[in-house]
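# Observations on the model geometry
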Amino acid sequence: MSAHTPTRRLTIRDIAAMRQRGEAIAMLTAYDATMARLVEMAGTDMILIGDSLGNVVLGHETTLPVTLDDMIRHAAAVKRGSSRALLVCDLPFGSVSGPDAALANAVRVMKETGVEAVKVEGGLVMVPVVERLVAHGIAVIAHIGLTPQAVHQMGGYYMHGKDEASAARLRQEAKALEAAGAFAIVLECVTPALAAEITHALTIPTIGIGSGKDCAGQVLVINDLIGLNTSPPPSFAKPRADVAAIIRAAVGDYVAETKAERQPIPLPRRAE
Ligand code: KIV
């Protein structure tokens, strides 16, 4: 936790100040009140109510089916469980199809959840969206590189910035989104050297995921961090616990004890 830890909720000015003094920013996802409280107690600066909700909570294969109502329900729960971290809610697939739609949907998120910021996935096409949201007083995080909402258009999940054309586009997108007013930018699966270069070129913090250690901050899906998965996490996520194993063991004990202790209870006799 920061040496300058305030007891109030962090703001985007605190995040900018952390970047100024070179202090790393720790961000994690959470989708409910209990997890929000726990990750915040452990010192997380920003909580993302990510649309990874679709994969890790709602059982979808991708983030595409996640709705604005899904995001609002879970973001409101995270808000109820937290008091210090800056909260950021993803605007899900289809909710940012242009500046007007994005503004209407972001306003709903802000009004109905109480989060402090929203996140939008996409490169240059998101520049007018970010400009519009910021002009209307909404704090925005941008997200480039691997943008899971575009998985089908991209043709899968893989590293970005490997060839010069892709690297040049990412440099241009990062600069343009900063100029549009984003207060931070997620770099997902961007080659570590390029992520470091972009980090040095920007004043706003970069928040890396699968993009090496030289970003201004890091974000991870909480389930990947604590090993709360039934399938393997992405290769860049190194689980620091095996919560799935703890759950299986506890539930296994409970089931075994329940079945062992129960004396057979006869069924009521049927009336003749
Ligand atoms: O939805 C999400 O959890 C995200 C992070 C992986 C950055 O966008």
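Everything below is about the structure printed above this text.
Residues numbered from 1 in each chain as written. Predicted model: local features only at pLDDT ≥ 70, side-chain atom pairs only at ≥ 80, totals over all residues. Heavy atoms only, no water.

## Describing the overall build of the protein chain
What counts, and what does not: A run of H or I in DSSP counts as a helix once it spans at least four residues, and a run of E counts as a strand once it spans at least two, with each numbered from the N terminus. Relative accessible area decides the class of each residue, using a 1.4 Å probe on protein chains only: under 20% of the type maximum gives buried, over 50% gives exposed, and in between gives partly exposed. All accessible-area figures derive from a Shrake-Rupley calculation using a 1.4 Å probe, and residue coverage is judged against the displayed protein chains alone. Residues scored as charged are limited to Lys and Arg (positive) and Asp and Glu (negative), so that His and the chain ends carry no count. Working definition for charges: the position is that of NZ of Lys, CZ of Arg, CG of Asp or CD of Glu.
Looking only at helices and strands, one finds 11 helices and eight strands in the protein chain. Projected onto its principal axes, the C-alpha coordinates of the protein chain cover approximately 80 × 45 × 35 Å. Across the 272 residues that make up the protein chain, the buried fraction comes to 50%. Roughly 13800 Å² of accessible area belongs to the protein chain as shown, and the carbon and sulfur atoms make up 58% of that amount. Side-chain charges of the protein chain comprise 26 positive and 28 negative groups, with the mean position of each set lying 4 Å from the other.

## Comments concerning the sheet that holds strand β1 (residues 25-29)
Applied cut-off: Strands are labelled as partners when DSSP assigns at least two bridges between them. Inter-axis angles, ranging from 0 to 180 degrees, are taken between N-to-C directions of lines fitted to C-alpha atoms, where helices are fitted over the stretch in contact.
In space, the eight strands of this closed barrel follow the order β1-β2-β3-β4-β5-β6-β7-β8, with parallel pairing throughout. Across the sheet, the mean angle separating the axes of adjacent strands is 25° when strand polarity is ignored. As paired strands, strand β7 (residues 206-209) and strand β8 (residues 217-220) are joined by two bridges and run parallel to one another. Each residue of the ladder has a partner; that of Gly 208, found in β8, is Gln 218.

## Quick notes on the site of the ligand
Put simply, the rule is: Nearness of a residue to a molecule or strand requires only that one of the residue's heavy atoms be within 4 Å of it. What qualifies as a polar contact is a pair of N or O atoms within 3.5 Å, subject to a donor-acceptor requirement within protein and to the restriction that residues adjacent in sequence count only when both atoms come from side chains.
Near the ligand, the surroundings consist of Thr 29, Leu 48, Gly 50, Asp 51, Ser 52, Asp 90, Lys 119, His 143, Ile 209, Val 219 and Val 221. Residue Ser 52 places a side-chain N or O atom 2.5 Å away from an oxygen atom belonging to the ligand. Lys 119 is positioned with one of its side-chain polar atoms (N or O) 2.9 Å from an oxygen atom of the ligand. Taking 260 Å² as the accessible area of the ligand by itself, protein coverage stands at 95%.

## Things to note about helix α1 (residues 12-20)
Going by this rule: In this context, the arc is that of the directions from the helix axis out to the C-beta atoms.
Within the span of α1, buried status applies to Asp 14, Ile 15 and Met 18. Summarising the axial view, the buried residues of α1 lie within an arc of 100°, below the 170-degree limit, and thus occupy one face. Residues of α1 that are exposed and angled more than 90 degrees away from the buried face: Arg 13 and Gln 20. The residue sitting at the N-terminus of α1 and contributing the capping side-chain oxygen is Thr 11; that oxygen lies 3.1 Å from the backbone nitrogen of Arg 13.

## Quick notes on the packing of helix α4 (residues 68-81) against helix α5 (residues 99-113)
Definition in use: Should the near helix be turned counterclockwise from the far one by less than a right angle, the crossing is left-handed, whereas a clockwise turn marks it as right-handed. Should any heavy atoms of two residues lie within 4.5 Å, those residues are counted as being in contact. Gly falls in the polar group here, along with every residue not listed as nonpolar (Ala, Val, Leu, Ile, Met, Phe, Trp, Tyr, Cys, Pro) or charged (Asp, Glu, Lys, Arg).
Contact geometry for α4 and α5: axes closest at 9 Å, N-to-C directions at 30°. Between α4 and α5 lies a crossing of right-handed hand. Contacts between α4 and α5 involve Leu 68, Asp 69, Ile 72, Ala 75, Ala 76 and Lys 79 from the first element and Asn 105, Arg 108, Val 109, Glu 112 and Thr 113 from the second. Residues that form the contact of α4 with α5 fall into these classes: five nonpolar, two polar and four charged.

## Focus: the side chain of Asp 90
Among the structural elements, Asp 90 can be located in strand β3 (residues 86-90). Side-chain polar atoms of Asp 90 contact the backbone nitrogen of Asp 51, separated by 2.8 Å. When residues no more than four places from it in sequence are discounted, the contact partners of Asp 90 are Leu 48, Ile 49, Gly 50, Asp 51, Met 71 and Lys 119.

## A closer look at the environment of Asn 229
Structurally, the position occupied by Asn 229 is in the loop between α10 (222-226) and α11 (243-261). Residues Asn 229 and Ile 246, spaced 17 residues apart in sequence, show a C-alpha to C-alpha distance of 12 Å. When near neighbours in sequence (up to four residues on either side) are disregarded, Asn 229 contacts Val 56, Asn 223, Asp 224 and Ala 244. A polar atom in the side chain of Asn 229 sits 3.4 Å from the backbone oxygen of Asn 223.

## Looking at a nonpolar patch on the surface
We count it as follows: In this scheme, patches are assembled from residues that exceed 30% relative accessible area and form no salt bridge. Like charges are connected within 9 Å, while nonpolar side chains (Val, Leu, Ile, Met, Phe, Trp, Tyr) are connected within 5 Å. Salt bridges are counted wherever a side-chain nitrogen of Lys or Arg sits within 4 Å of a carboxyl oxygen of Asp or Glu.
Among the surface-exposed residues, Ile 247, Val 251, Tyr 254 and Val 255 lie close enough to one another that they form a single nonpolar patch of about 370 Å² accessible area. Inspection of the secondary structure puts Ile 247 in helix α11.

## Here's the deal with the pattern of salt bridges
Throughout the structure, instances matching the rule amount to 13 salt bridges. The shortest N-O distance in the salt bridge between Asp 14 and Arg 8 comes to 2.7 Å. You can call Arg 8 partly exposed: its relative accessible area is 42%. Note that Glu 116 is salt-bridged to Lys 79, the shortest N-O span being 3.4 Å. Here the residue Glu 116 occupies a position in the loop between α5 and β4 (117-121), and Lys 79 occupies one in helix α4, the gap between them amounting to 37 residues. Classification of Glu 116 as partly exposed rests on a relative accessible area of 22%.

## What to know about helix α9 (residues 192-201)
The complete set of buried residues in α9 reads Leu 194, Ala 195, Ala 196, Ile 198 and Thr 199. Buried residues along α9 sit against α1, α8 (164-180), β6 (184-188) and β7.

## Thoughts on the state of the cysteines
Worth spelling out the cut-off: The rule for a disulfide is simple: a pair of cysteine sulfur atoms within 2.5 Å.
By the definition in use, this model includes zero disulfides. Free of any disulfide, Cys 189 has its nearest cysteine sulfur in Cys 215, 11 Å distant.

Nothing here speaks to function; it is geometry throughout.
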